[in-house]
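Each chain, written out:
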Amino acid sequence: MAGLKHIEVVAFDMFSTLVKNDTAEWQMAHKAIVDGQRLPVDALVFWKEWAIRDVQFRKTRTNMADPEASPPFKTYWEAWRDAFIETFEAMGLTGDAEQAASDSVTALAARDAFPETNDALDALARTRTLAVLSNADDRFLYGTIAHNGWDCFSYVLSSEEACAYKPDPRIFARLVDEMGVAPEAVLYVGDSPYDDAHGAKLAGMQTVLVQRTQDTPGRTPPPENGALLPPDHIVSDLSEIPALLD
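Reading the values: rules and limits
Positions within a chain are numbered from 1, following the residues in the order the chain's sequence is written. Given that this is a predicted model, residues contribute local features only at a pLDDT of at least 70 and side-chain atom pairs are listed and counted only at 80 or more, while totals for whole chains, interfaces and linings are drawn from all residues. Each side-chain value is derived from all of the structure's non-hydrogen atoms; neither hydrogens nor water enter the calculation. In DSSP terms, a helix is any run of H or I states spanning at least four residues, a strand is any run of E spanning at least two, and both are numbered starting from the N terminus. Note on method: radius of gyration uses C-alpha positions; expected globular size equals 2.2 Å times residues raised to 0.38. Each residue's exposure class comes from its accessible area (1.4 Å probe, protein chains only) as a fraction of the maximum for that residue type: buried when under 20%, exposed when over 50%, partly exposed otherwise. Here, residues are in contact when the closest pair of their heavy atoms is within 4.5 Å. Only the protein chains shown count as cover for residues, and the accessible areas themselves come from Shrake-Rupley with a 1.4 Å probe. Centres within 6.5 Å make a pair out of two Phe, Tyr or Trp rings, where for Trp the six-membered ring is used; the pair is then stacked when the planes are under 30 degrees apart, edge-to-face when over 60, and tilted otherwise. The convention used is that axes are lines fitted to C-alpha atoms, helices contributing only their stretch in contact, and that angles between N-to-C directions extend from 0 to 180 degrees. Should an angle lie under 35 degrees it is considered roughly parallel, over 145 roughly antiparallel, and from 65 to 115 roughly perpendicular; all remaining angles are considered oblique. Each helix crossing is assigned a hand: it is left-handed if the near helix lies turned anticlockwise from the far helix by less than a right angle, otherwise right-handed if that turn is clockwise. All residues other than Ala, Val, Leu, Ile, Met, Phe, Trp, Tyr, Cys, Pro, Asp, Glu, Lys and Arg, Gly among them, are scored as polar; the first ten of these are nonpolar and the last four charged. Salt-bridge detection follows one rule: a side-chain nitrogen of Lys or Arg within 4 Å of a carboxyl oxygen of Asp or Glu. Strands pair, by our definition, only if DSSP identifies at least two bridges between them. By definition, the crossover connecting two strands over a helix is right-handed if that path, from the first strand to the second, turns clockwise as seen with the strands pointing away from the viewer. Side-chain atoms within 4.5 Å are what join buried Ala, Val, Leu, Ile, Met, Phe, Trp, Tyr and Cys residues into a set we call a nonpolar core.

Asker: Which parts of the structure should I look at to understand the overall build of the protein?
Answerer: Each helix and strand in the protein was counted, giving 10 helices and six strands. Over its C-alpha atoms the protein spans a radius of gyration of 18 Å, differing by no more than 12% from the 18 Å that the globule rule assigns to 246 residues. Expressed along its principal axes, the backbone C-alpha trace of the protein runs to roughly 55 × 40 × 30 Å. Scored against the burial criterion, the 246 residues of the protein give a buried share of 52%. Put simply, 72% of the contacts in the protein that link residues at least 6 apart link residues at least 24 apart. A total of about 11200 Å² of accessible surface is found on the protein, and carbon and sulfur atoms cover 50% of it.

So, in structure tokens, the structure goes:
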């Protein structure tokens, strides 16, 4: 495939793109919730029940046929609190849903970078402006950036601040408007074929899809009907991206 042309900004998804966010980490976070609240339930069963509701939220939160008609915006903390309430009820448990949601946010704010992330960011920052555009609450997005000691991003936008979730075109439009850059001059890098590659292509950006071997939970289910727009490039990790821009 040909290299990427006329890129001024490289914008990244955060979770499962720059930092680890696999199923095992979510299961450990839920075990900590079960243990901390002394819930009489197997932690894996508890996580699976909760995950059903999390995926349903992701599936229904955006009306891509008419984004303005999407349901009222909920932060992840609000959606996860509601998912915990429903999970407690479904399993006949008495628990603190707000604390469980807060514990989930805290766990996400401490995600570690993939081994190649820092070197890739350093290489790209020498020649391009870097940004983050992530489906995330401010608390755990900025928390993760601080946790990893990054000061290379000129612009950071969360779904909470935008009140919209990828692949909603409004969140991508806000990035280009506020950065003062043409969509085609932005390279968007993410791990989700729907939220990231498809959404950014709809917005007119160039795209790289990162296909890692890790199992990533909670991706937004793509529509049952309709083909996804393909990424411009597919890589196995971030170390391959600088060469695409040379």
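There is more to say, and it comes next.
Asker: Mind showing me how you'd approach the packing of aromatic side chains here?
Answerer: Each aromatic ring pair is characterised by the separation of its centres together with the angle its planes make. Tallied over the entire structure, the rule returns 17 aromatic pairs. With 5.4 Å between their ring centres and 80° between their planes, Trp26 and Trp80 make a pair best called edge-to-face. Of this pair, Trp26 sits in helix 1 (residues 23–36) while Trp80 sits in helix 3 (residues 76–91); the two residues are 54 residues apart in sequence, bridging distant segments of the chain. On the basis of an interplanar angle of 85° and a centroid distance of 5.9 Å, the ring pair of Trp150 and Phe153 is categorised as edge-to-face. Note on accessibility: Trp150 and Phe153 belong to one class, buried.

Asker: Would you explain the packing of helix 1 against helix 2 (residues 43–60) in this entry?
Answerer: To characterise two packed helices, one gives the angle between the axes of the helices and the distance between these axes. At a minimum axis distance of 9 Å, the contact between helix 1 and helix 2 shows a crossing angle of 110°. The orientation of helix 1 with respect to helix 2, classified from their angle, is roughly perpendicular. Between helix 1 and helix 2 lies a crossing whose hand is right-handed. Contacts from Thr23, Trp26, Gln27, His30, Lys31, Ile33 and Val34 in helix 1 reach Ala43, Leu44, Phe46, Trp47 and Trp50 in helix 2. Considered class by class, the residues forming the contact of helix 1 with helix 2 number eight nonpolar, three polar and one charged.

Asker: Explain the pattern of salt bridges here, please?
Answerer: Any two side chains of opposite charge can pair, so long as their charged atoms come close to each other. Counted under the stated rule, the structure contains 15 salt bridges. Between Lys166 and Asp196 there is a salt bridge, and its shortest N-O distance comes to 2.6 Å. With Lys166 in the loop between helix 7 (159–162) and helix 8 (169–179) and Asp196 in helix 9 (residues 193–202), this residue pair connects regions lying 30 residues apart in the sequence. Residue Asp196 is classed as buried on the basis of its relative accessible area, which comes to 2%. Salt bridges sharing partners connect three or more residues here, namely Asp13, Lys166 and Asp196.

Asker: What should I look at first to understand the pairing of strand 2 (residues 129–134) in this one?
Answerer: Every regular strand shows the same layout, with side chains that alternate between the two sheet faces. The buried fraction of strand 2 is high, at five of six residues. In terms of strand pairing, strand 1 (residues 9–12) meets strand 2 through four bridges, oriented parallel. Opposite Ala11, over in strand 2, you have Ala131 as the bridge partner. As for the winding sense of the linkage, the β-α-β connection from strand 2 through helix 6 (residues 138–147) to strand 3 (residues 153–158) is right-handed.

Asker: Quick question: what am I supposed to make of the nonpolar core here?
Answerer: The nonpolar side chains of soluble globular proteins are, as a tendency, buried together. Of all hydrophobic cores here, the largest spans 55 residues; its most connected members are Phe12, Trp80, Phe84 and Phe153. Not counting the four nearest positions on each side in its chain, Phe84 is found in contact with His30, Ile33, Phe46, Trp50, Ala97, Ala100, Ala101 and Ser104. If you look at the next biggest cluster of nonpolar residues, it comprises 18 residues, including Ile171, Ala185, Val186 and Met205.

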